[in-house]
Every structure is written in C-alpha cells, then in structure tokens.
Amino acid sequence: MTNTQGRNPRRHDSGAVRIESLTLLEIESILSSDAHYAATQTRNYGERDPLHDPADCLFRCPCGNTPVLNYAAPPPNALRLLSRPLSRGDGNAFYVGCPACGKVGQPSLRDWRAVIDWNYLTASVQAGSLGAVPYFNLAGLTAQQAKDRLNSIKYDLSLRRAQAKMRREQGDDVGGRFLARIDAYLGWANVAIRVLTTSPSPAPDLVHARPQVA
Ligand SMILES: [Zn+2]
C-alpha cells in the first residue's frame, strides 16, 4: 500500500470521495434505506433560499467593514484566487470586495458562490457564532451537536448531488437550479463547519483602541 493510494487532498469528511466511486443504483439504494433515513438529521435547512439575494448573508470583513458583492471585471488580486479561468467570455464576474481594505474573494459566474467563498474566507470573524449561519437551524446546539448535524447534512447532500448528476448524464431532466441549490447548501455547510472550528480573528476595535503615542 502506498501513501498516495486513494488520497485526495481536497476530500472533505462528508465521504464525498467515496461517493464518487458508487453507481447510481448503489446511491439510490443508500438514499432509500432506513439506515440513511435514520442517520439524516434533517432535510429542513431553513426558510431562506440560498440562491436568492445571497449578498444579504455576507459576513463582515475581518477589517471590520461591510463588504460589497460586485458584478464587474474582477481586479488582479481576485483573479489570482482562481484555480482556473472563468469560462464566460466578457470578463465580468461576481466577486466580493471590501471597499475599506481592498480584501477580495474568489470571482464566480454565480453570485451565491462568490458570497459563500467570501464567507468561507472570512469565517474567523464569526468564530463560534452559529447564529451567523442562516441555514440548518444550528442556533442553540452545542458545537458537537452542530458538527454532527452538519456532517449528516453534508453526506446526504453529497449523495443527492451525485444522484442528480448521474441522472443528468443519463439524459434525465435535472433542473440546473436544483443542482445549484444543492451546491449552495453544501457550500454553506462548509462555511458553518469553518465557523465552528476556526479561531476568532483579532478584533480590529481592540487593535485601534491601543493608546496612541503622540
Ligand atoms: Zn476590509
């Protein structure tokens, strides 16, 4: 056995890598099983549609100011965050930027994805504040309960995502909005886990409140 066997540095703890090796039949048999039903804590993720007005859910910038969702040609420091170029030709994309300090998030052709990427990037400003995540009904849970719920949700979503993609490959009519919504919920679950596990960022107010030497 080698070190690299089956390893994927991008894998999450949702089992997503393992899911990719399953057939559609296997996925559907898991999804319809009593065991999966019992292990899935909820499919009620909350009232908000994650594709609708995503900028309402932006985390503040670590500098303390309010970021903005832009649709424009992303600046070079935002383009550098992309692992591959955007596919559309006109050069415009959604990206979140802070007008005060210039911090930017990763550009995307989807507004909700740009918001989720920014929130993931800045999750430390909400460290431990489960109420900052508008999905999954996390408020009032302990950190461990929240983590268990999020991992259960991620596994269920990952299975349903794989199922939808395979059905689409077979020619079934799987709505793009349906897949996008699954991706958005998965993104928010990752943001929520980061909020739970990250350390607080230094409070800018405290930094600025240090006595100034004239
Ligand atoms: Zn800022």
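Definitions and cut-offs
Residues numbered from 1 in each chain as written. Predicted model: local features only at pLDDT ≥ 70, side-chain atom pairs only at ≥ 80, totals over all residues. Heavy atoms only, no water. Core = buried A, V, L, I, M, F, W, Y, C linked by side-chain atoms within 4.5 Å. Buried < 20%, exposed > 50% of the residue type's maximum accessible area, 1.4 Å probe, protein only. Helix = DSSP H or I, 4+ residues; strand = E, 2+ residues; numbered from the N terminus. Domains from an automatic or database assignment. Contact = heavy atoms within 4.5 Å. Donors = N, O, S within 2.8 Å, 3.2 Å for Na, K, Ca; no water. Tetrahedral: all angles 85-135°; square planar, octahedral: opposite > 155°, others 65-115°.

The next point concerns the nonpolar core. The nonpolar side chains of soluble globular proteins are, as a tendency, buried together. Grouped together as the largest cluster of nonpolar side chains are 35 residues, with contacts concentrated most on Phe 136, Leu 138, Leu 150 and Trp 188. Listed by contribution, the elements that provide at least two residues to this core are helix H5 (111–121), helix H6 (143–169) and helix H7 (176–197). In terms of domain composition, this core takes at least three residues from each of domain 1 (13–51 + 127–200) and domain 2 (60–121). The residues touching Leu 138, leaving out its near neighbours within four places in the chain, are Leu 130, Val 133, Ala 146, Arg 149, Leu 150 and Ala 192. In this structure, Leu 22, Leu 24, Ala 162 and Met 166 belong to the second largest nonpolar core, which totals eight residues.

Another aspect to go through is the coordination of the zinc ion. Protein-derived coordination of the zinc ion comes from Cys 61 (SG), Cys 63 (SG), Cys 98 (SG) and Cys 101 (SG), at a distance range of 2.2 to 2.3 Å. Every donor counted, the four donor atoms about the zinc ion form angles of 103 to 117° at the centre, which fits tetrahedral coordination. Here the donor residues of the zinc ion are spaced in sequence according to C-x1-C-x34-C-x2-C. Of this pair, Cys 63 sits in the loop between helix H3 (34–39) and strand E1 (68–72) while Cys 101 sits in the loop between strand E2 (93–97) and H5, and the two are 38 residues apart along the sequence. Cys 63 gets classed as partly exposed once you look at its relative accessible area, which sits at 26%. Given the relative accessible area of 43%, Cys 101 is considered partly exposed.

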